[in-house]
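# Overview (structure and organization)
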Amino acid sequence: MAYGQATTGSIFGQAPVAGGETVLIKSAIGLTREVSVDGDGHYSTGSLPLSNYTVTLIRDGHAVDTRSGIELKVGTATEISFVVASVDSKNLGTVTVTGSKVPPIDVTSVDARTVITSHQLDTLPLARTAEAIALLAPGVVSAYSGFTGPTGNPLVSFAGSSVTENAYYLNGFNTTDPLSGFGGITLPYGAIDQQEILSGGYGAAYGRSDGGVISQVGKRGSNDWHFGAQLQWTPRFAKGDLNDSYYVSGNKAGQIYQRNSDSKSWETMESAYLGGPIIRDKLYFFAALEGDKRRGNSVGNVTSPYDTRYQDHDPKWYAKLDWNINDSNILELTGASSKDEYSGSHYNYSYSSSATGSFHDFDTSSKTAADVRIIKYTSYITDDLTFSLLYGKQKIVYYSAIPGYNGTLPYVGGPENENPAITGGSVITNSQTVQTFNNPNHRSTNTNLRLDVSYKLGDHTIIAGIDNQDTHDIDDGTTTAGPGYAWQYELGDPSTPISGSPFVDAPGNYPGGSTGYFVAKDIFSTAASVRVKQRAQYIEDAWQVSDRWLVKAGLRNDQFTNFNPDGQAYLRLTKPQWAPRVGFSWDVNNDATLKVYGNVGRYFLAMPASVALRGAAGSTFTDQYFTYTGIDDRGIPIGLTAIRSSTGGPISANNEYGQPPDPKTVASQNIKSEYQDEYLLGFSQQFHQAWAWGMKAQVRKIRNILDDICDTNTIANKAKVLGYSVDDSTLNGCYLSNPGRSNTYLIPNHESGYFPVTVTTQDFGFPPVKRNYYGLESFLEHPFDGKWYGKIDYVYSRSYGNSEGQVRSDIGQTDVSATVDWDFGKLMEYASGYLANDHKHQLKAYGSYQLTPEWMLSANVALISGSPKVCLGYYGADQTNPVGYGSYYHYCGGHPSRPGDAGRQPWQHVVSLEAEYRPAWAGKKLAFDVMLYNVFNESVATSTYALYGTATAPNVNYDRVQFWSTPRYVRFGITYDY
């Protein structure tokens, strides 16, 4: 059986029972294994590197039956049985079958798994990212476009989970974003041998994820030298335009917001590879390079009218060395790198004439550089005992700089909310285009140590191991640009307090505020170096109960510890976190033509490093409110009158005034990790020699979440009820907690000790935590037969509740486990509805057709129903702001508004085609291809602005389109493979 963060496959089967029988397994990379056939006629061997295999039945030292051309798939078991030998086991001569048919159904798997091979990647019309590949799997959908990975890659959601709940692996090493869990580091597209997409039911070897797993296995050298190169070009003239975006609310309804149609770009992709034997049958080498260059211009919105001319360069490389020390020992060395380099310049842009003018300033330049090094050792100690050890290290540098940066001017936000009585209806800003800047010295390291042991004992295959990970986030921080503050123009009801708690008076009580216009002076700053330690142990038994029944039972135990900048643990989740995983597979007909399978499992999720920045490291996030009677030519308010507040100055809704919290008080004393339970039940059937179909039901239920609670008034009041004398100034702004459970907090007393204060969900006014997902999948598949391959997959699903997960897509909030959700009870009223990653209908179809020996045609179709819209306004029928958060309550114009009540985004209908021509006159080594993405050029809204404001002072941005789906583009390519 394959195991661990899988980079291998396995072979098993049956043979006629006879004395002295063995099965010889030989790969194209020189590895040879010979295993015995047991008394019941079974054999198996695991942890085999991905390659082309020849499997031979040996009797009395002679080959009597051979199957060649066997391609293994990662993480799966391939059945090679020698039933033909039972016809006449005494007199049978040597039989050789080349390219023999492999049963399409893996009866040893109990999970939801999709494996895409390099052959499919070469033929299918796909964007060249790991996430685009993952979208082929059922239940995987594109996430909110504002969320991206470390090098700018788009992200996906698995079966209703948020984007930070996925895990990424490269040759078995965990490359998941160590800061916040947004994506991970991936291979150059042409270096991918296979990509495994686990969307549910995975075994105990996998952890720190309750979404899905994207695991890539890179190519390796073989006994034959291969090299090649590819050039792909996506020209500007062959790309469709994004739709323009318009205001649809308030006094600006119908006016243009952003002229996307004037934004143009083109892209080139250059890649090359080389692989072969350094020492035949012993030492192999493979290397690949890839350079993706994008250039173009991007027109900003009317509040920031600049035409940004940019270039984005994403170089990647991959190298692998495989050493077959002998037939019992293998050493693998992997190196990989992925970078994203961006630079740009701002030019003045006129919305009245659609013309680009003179140079304005430079855009923020950035360079994110990730490097990965991995060493893996595998030892086949006996036929039944296998040991593997993996150690890897990942380093990421996050550099950014602002050429010609002007640090004297403050950033002006929300200029569309400037008082028109002063501006005449236009907007007044300045040349400051930078709102915040990041520490240019920011970097991170991540190490991963895995030890896995597999032992076959009779009908049991037992695997066990450890999975340790250490992350350091160094010099992380973000600061408000300019003089250290920004001006944010706002509009509200002139007679209603801006905030109820902390209290800020109504603007109408001050000069210039009679019509509800006011301005906030914003200050934001974080800075810290922190680390996270994660440990795990697991064991799993695959018990072949009979020829037809397989049971897998596993148990995983995770421990998570997060440290503050002083190296003190503020979150220690080290008590046993038992995660049982149990699955079964029933080979109904005992011939791999009909499988019924099921799985039940629990999955824990760790907290990434970035949680400490605002939760445990002393952040600053304040607003001071003023009315104004004028605006100068730099967009800076003048004639200021401070609006009375409870502090007499700046206020912070989360008490973030820069003071570092006591690590003992950061989290609830009885806090537990987020975890989810999952249930799978399905079947797969080969109903014809060339066809298979199946169905699968999947249910996920979140059982516990970890987020911050900021209702310190309720905590203080509960302390007073308990008879404690509490100084409110000693309270933290927020506390990491388990919403939905009672939490016990430590509150400093007057004697250098602490008061334990237990607060229930009823005290906070919280509803029960809920995130439920259910999906029903049906598929029909035609395996590749040398002529064509095709698969159609339909998923009907629902994702509903009051917690998306660690982040919030509807408002684009990236603060992991520190979102607006659960901060106060009033923010959670009417919060239960359809969640952001809910797509009721998902129909996917993809395949390829070898039209002639020289022509290959392929297609990829995705018909996806839209996600729910959200309307967030002020609180209750009176549209007040009792907790100081503004337009973040689940009310819309004074009426309750659950997620989804505001409607849904439109369906997406994406049809993509590709044609490849490999001429015989070039020995089929040369190929020309053209891909047409989104044939019908349908570009629809995927996200709209959710903040409504109030009925008397509507937010002009409400329901404005923020992101569109990708319009049509054509990609031309030329490839040479030797």
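Residues numbered from 1 in each chain as written. Predicted model: local features only at pLDDT ≥ 70, side-chain atom pairs only at ≥ 80, totals over all residues. Heavy atoms only, no water.

In the annotation of an unreviewed UniProt entry, the entry for the chain reads Oar protein, and the organism field reads Dyella acidisoli. Taken from UniProt, the Subcellular location (unreviewed entry) comment for the chain reads in full: "Cell outer membrane". (UniProt positions renumbered as here; feature names shortened; annotations may be inferred.)

## Overview of the state of the cysteines
For the coordinates displayed, the defined rule picks out two disulfides. Two residues, Cys710 and Cys734, share a disulfide whose sulfurs are 1.9 Å apart. Looking along the S-S bond of the Cys710-Cys734 disulfide, the torsion reads about 100°, which is the right-handed sense. Separated by 24 residues along the polypeptide, Cys710 in the loop between β42 (707-709) and α5 (712-721) and Cys734 in the loop between α5 and β43 (735-737) bring together distant segments of the chain. Assigned by exposure class, Cys710 and Cys734 land together as buried. Disulfide pairing places Cys871 opposite Cys892 at an S-S distance of 2.0 Å. On the S-S bond that ties Cys871 to Cys892, the torsion sits near 70°, and the link is right-handed. (Disulfide = S-S within 2.5 Å. Helix = DSSP H or I, 4+ residues; strand = E, 2+ residues; numbered from the N terminus. Buried < 20%, exposed > 50% of the residue type's maximum accessible area, 1.4 Å probe, protein only.)

## Concerning the packing of aromatic side chains
A full pass over the atoms with the stated rule returns 43 aromatic pairs. For the pair Tyr349 and Tyr351, a centre-to-centre distance of 5.1 Å together with 85° between the ring planes defines the contact as edge-to-face. Residue class for Tyr349 comes out buried when judged on its relative accessible area of 7%. Look at Tyr351 and you get buried, because its relative accessible area is 14%. On the numbers, 4.9 Å between centres and 80° between planes, the contact of Phe683 with Trp693 is edge-to-face. Of this pair, Phe683 sits in strand β40 (residues 674-688) while Trp693 is found in strand β41 (residues 691-704), placing the two residues ten residues apart along the sequence. Feature note: the residues Tyr144, Phe147, Phe182 and Phe963 constitute an aromatic cluster, connected by ring pairs. Lys219 extends its terminal NZ or CZ atom over the ring of Tyr273, reaching a point 5.9 Å from the ring centre. Lying across the ring of Tyr347, Arg309 places its NZ or CZ 4.4 Å from the centre. (Phe/Tyr/Trp six-rings, centres within 6.5 Å; stacked < 30°, edge-to-face > 60°. Lys NZ or Arg CZ within 6 Å of the ring centre and 35° of its normal.)

## A short note on the sheet that holds strand β1 (residues 8-14)
Taken together, three strands build an open sheet; the order of strands is β4-β1-β7 and the sheet is mixed. Of all the strands in the sheet, just β4 (42-49) and β7 (77-79) have a single pairing partner and so form its edges. Recorded for the sheet is a direction-independent mean angle of 20° between the axes of neighbouring strands. The pairing of β1 with β4 spans six bridges and is classified as antiparallel. Paired with Phe12 across the bridge in β4 is Ser44. (Pairing = 2+ DSSP bridges. Axes fitted to C-alpha atoms, helices over the stretch in contact; angles between N-to-C directions.)

## Brief notes about the UniProt feature "domain: TonB-dependent receptor plug" (unreviewed entry) in the chain
As recorded in UniProt, the feature "domain: TonB-dependent receptor plug" (unreviewed entry) lies at residues 112-212. Helix makes up 11% of residues 112-212 and strand 27%, and the two end C-alpha atoms of the span are 10 Å apart.

## Description of the nonpolar core
Judged by nonpolar contacts, the single largest core of 66 residues is most densely connected at Ile133, Tyr570, Leu571 and Leu736. Those residues in contact with Leu736 that lie beyond four places of it in its chain are Tyr570, Val611, Val666, Ala667, Ser668, Ile671, Leu706, Asp707, Asp708 and Ser817. Counting 31 residues, the second-largest nonpolar core is a separate cluster that includes Ile11, Ala15, Val23 and Val55. (Core = buried A, V, L, I, M, F, W, Y, C linked by side-chain atoms within 4.5 Å. Contact = heavy atoms within 4.5 Å.)

## A short note on the layout of surface pockets
Approximately 820 Å³ is the volume found for the second largest pocket. If you trace the second largest pocket, you find 45 residues lining it, with Phe12, His42, Tyr43, Ser44 and Lys456 closest to the centre. Considering each element in turn, the lining of the second largest pocket owes the most residues, six residues, to β4. Residues belonging to the lining of the second largest pocket are distributed by class as follows: 15 nonpolar, 18 polar and twelve charged. (1 Å grid on protein atoms, 1.4 Å probe; cavity = no way out; pocket = protein on both sides within 12 Å on 5 of 7 lines; lining within 4 Å. Points joined across faces, edges and corners; volume = space filled by probe spheres on them. Nonpolar A, V, L, I, M, F, W, Y, C, P; charged D, E, K, R; others polar.)

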